[in-house]
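Spelled out, the chains give:
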Amino acid sequence: MSELILSCHLGINHQREHDPPSEPFVFQRITQAGCPTPAAALSYRIDKVTEIYEGNYTTVYRASLLGQQSGGPCNIVLKTDVNARYPRSSMFTQEALRYEKDLQHMQRTYIPHCYGLFQATIYNKLISVLLLEDCGESINIRDESLSYSDKIQIFKPFTKLHVSGFAHHDVDGRNIVKNQDGKFILVDLQHSRPHKCGVWLHVLIGDFAPSRLDFGCRELYDLAIELDFWLPRTLNFYGFQMPVWAFKNGEAENLVGLLSPYMLRTEGAREEALLCAEKMIKDVQDIQAVYIDVPDEERYLRPSDIPKSRSGSKPQAPA
């Protein structure tokens, strides 16, 4: 059986005031039913960690993993419930199951490689440690510098997850990291659940947004909205929901003409409304300009990149 020797401080060295430290702590690898058994028993060691996140259920560290068969250290992320306010070992066993069994085929491509789940009972408390490949820094999903191709690559791991029969249930920029090769990797699968995706439509970036009901999958739809894949069908102009197609060159006067005379009772108010209309027209044009020179074929998320539709057939890509 593989083991993890933890000789660094994670808050378990002095669980009781008068107890001397009893380092190193030895954790045994847990192999769950259906998960591959390591070909050989390995002994890993971690001597130093750097905390990067602490929550009610999990603390996350960066560390170097020693003792691999290759002999060299490896950068990893260590997740543990040692300092958890509400320890839940079941969350760790479930997340490890996702990496090592349910989504093993996605490792190193769309999700991190998993080095295993290790557990030990220390001071009558069951402590779990999950070791994962360090794939880089998390992103800001609303970063304006993200290109349309970046957005497609961010969307892709989630579609692969849905194709594999699971939904993430915690879609956030902190759970998407960018590795050294510029690829986007999906992390933190502790909340993932089995999911039969009901997606109906496919995505044409820069097109008008469908309704969530028509699209058919809440998680993928909400992610597409977060990534600004679609134009809104209407925009609020002085309290009126106006169709986006109305915001085009030469239409500022017509837009202002739809307002109540009371709202334009002074020349200053009318001038302000015109400036607002012209700005909104420019904003719409700026969004459209991002995609105007990109062929539809490149903006279209192909059927192979998205789950099967509810009807059992796949929509055709635009000609």
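Positions within a chain are numbered from 1, following the residues in the order the chain's sequence is written. The predicted nature of this model means local features are confined to residues of pLDDT at least 70 and side-chain atom pairs, given and counted, to a pLDDT of 80 or more, with totals for whole chains, interfaces and linings taken over all residues. As a convention, hydrogens and water are excluded, and side-chain values are obtained from all of the structure's heavy atoms.

## Details of the overall build of the chain
Helix and strand counts for the chain stand at seven helices and 15 strands. In the structure as shown, the chain presents an accessible area of about 16900 Å², 49% of it carried by carbon and sulfur atoms. Counting from the N terminus, the helices are DSSP H or I runs at least four residues long and the strands are E runs at least two residues long. Methods summary: accessible areas were calculated by the Shrake-Rupley approach with a probe of 1.4 Å, and residue burial reflects only the protein chains presented.

## Regarding the pairing of strand β4 (residues 49-54)
With five bridges joining them, β4 and strand β5 (residues 59-65) adopt antiparallel strand pairing. The residue of β5 that forms the bridge with V49 is A63. Between β4 and the antiparallel strand that follows it, β5, lie four residues. In short, DSSP must find at least two bridges between two strands for them to pair.

## Brief notes about the packing of helix α2 (residues 148-163) against helix α4 (residues 218-226)
Angular values range over 0 to 180 degrees, each being the angle between N-to-C directions of two axes fitted as lines to C-alpha atoms, with helices fitted over their stretch in contact. The geometry of α2 relative to α4 is characterised by a closest axis approach of 11 Å and an angle of 175° between their N-to-C directions. Relative to α4, the element α2 lies roughly antiparallel. The segment α2 lies against α4, with F155, F158, T159 and H162 engaging E219, L220, L223 and A224. Here roughly perpendicular refers to angles of 65 to 115 degrees, roughly parallel to angles under 35, roughly antiparallel to angles over 145, and oblique to all remaining angles. Should any heavy atoms of two residues lie within 4.5 Å, those residues are considered in contact.

## A short note on the pattern of salt bridges
When a carboxyl oxygen of Asp or Glu is within 4 Å of a side-chain nitrogen of Lys or Arg, the pair counts as a salt bridge. Counted by the stated rule, this structure contains 14 salt bridges. The salt bridge involving D170 is made with R174; its shortest N-O contact spans 3.1 Å. Burial here depends on accessible area, computed with a 1.4 Å probe over protein chains only, as a share of the maximum for the residue type. Under 20% is buried, over 50% is exposed, and the range in between is partly exposed. D170 sits in the buried class, given a relative accessible area of 16%. When its relative accessible area of 44% is taken as the criterion, R174 is described as partly exposed.

## Regarding the nonpolar core
Here, nonpolar core refers to any group of buried Ala, Val, Leu, Ile, Met, Phe, Trp, Tyr and Cys residues whose side-chain atoms link them within 4.5 Å. Grouped together as the largest cluster of nonpolar side chains are 39 residues, with contacts concentrated most on L130, F155, F215, F229 and W230. For this core, the elements supplying multiple residues, two or more each, are α1 (89-102), β7 (114-122), β8 (125-133), α2, β12 (184-186) and α4. Of all the elements, α2 adds the most residues to this core, at five residues. Sequence-distant contacts of W230, that is, excluding residues within four places in its chain, are made with V203, L204, D207, F208, A209, P210, F215, Y221, A224 and I225. In this structure, I46, L65, I76 and L78 belong to the second largest nonpolar core, which totals 24 residues.

## Brief notes about unusual backbone geometry
Although it is not a glycine, D188 adopts a positive phi angle of roughly 65°. Classification of D188 as buried rests on a relative accessible area of 15%. Look at Y238: it is not a glycine, yet its phi comes out positive at around 55°. Turning to its location among the elements, Y238 is positioned in the loop between β14 (234-237) and β15 (240-243).

## Things to note about the confidence of the model for the chain
In this model, the chain carries an average pLDDT of 84, and 87% of its residues clear a pLDDT of 70 or more. Per-element mean pLDDT across the chain ranges from 68 in helix α7 (residues 296-299) up to 97 in β12. Along the chain, pLDDT gives the predictor's confidence residue by residue, from 0 to 100.

## Some thoughts on the pairing of β15
Examined bridge by bridge, β14 and β15 share four bridges and lie antiparallel to one another. Each residue of the ladder has a partner; that of T234, found in β15, is P243. Counting the residues that bridge the hairpin from β14 to β15 gives two residues, and of these Y238 lies at a positive phi of roughly 55°.

## Topic: the sheet that holds strand β9 (residues 137-138)
Here three strands make up an open sheet; going across it, the order is β9-β11-β12 and the pairing antiparallel. The sheet terminates laterally at β9 and β12, the two strands that pair on one side only. Two strands pair when backbone bridges link them, and strand β11 (residues 176-178) and β12 are joined in this way by three bridges, in the antiparallel orientation. If you follow V177 over to β12, its bridge partner there is I185. Along the sheet face, α2 touches β11 and β12 and points at about 30° away from the line of β12.

## Points about the environment of S64
Within the element layout of this structure, S64 appears in strand β5. Exposure remark for S64: the relative accessible area of 33% places this residue in the partly exposed category. Discounting chain neighbours no more than four positions away, the residues touching S64 are R45, I46, K48, P73, C74 and N75.

## Focus: the packing of aromatic side chains
A pair of aromatic rings is counted whenever rings of Phe, Tyr or Trp (Trp by its six-membered ring) have centres within 6.5 Å, and the orientation is called stacked for planes under 30 degrees apart, edge-to-face for over 60 and tilted otherwise. Per the stated rule, a full pass over the model turns up seven aromatic pairs. With a centroid separation of 5.8 Å and 55° between ring planes, the pair formed by F215 and Y221 is classed as tilted. Each member of the pair, F215 together with Y221, is buried. When the ring centre of Y262 is taken as origin, the NZ or CZ atom of R265, which lies over that ring, is 4.5 Å away. To sit over a ring, a charge needs its Lys NZ or Arg CZ within 6 Å of the ring centre and within 35 degrees of the ring normal.

## So, the side chain of S7
Topologically, S7 is positioned in the loop between β1 (3-6) and β2 (25-30). A relative accessible area of 19% means that S7 is categorised as buried. Within the local environment of S7, its side chain forms a polar contact with the side chain of R45, the two groups lying 3.5 Å apart. Under the rule applied, a polar contact is a pair of N or O atoms within 3.5 Å (in protein, one hydrogen donor and one hydrogen acceptor; residues adjacent in sequence only if both atoms are side-chain atoms).

## Points about the sheet that holds β5
Here we have eight strands laid out as an open sheet, ordered β3-β1-β2-β7-β8-β6-β5-β4, and mixed in their pairing. For this open sheet the edge positions go to β3 (43-46) and β4, each flanked by a neighbour on one side alone. Between one strand axis and the next, the sheet turns through 30° on average, direction left out of account. Of the pairings in the sheet, the one linking β5 to strand β6 (residues 74-80) comprises seven bridges and is antiparallel in character. Within β6, the position partnered with A63 by the bridge is I76.

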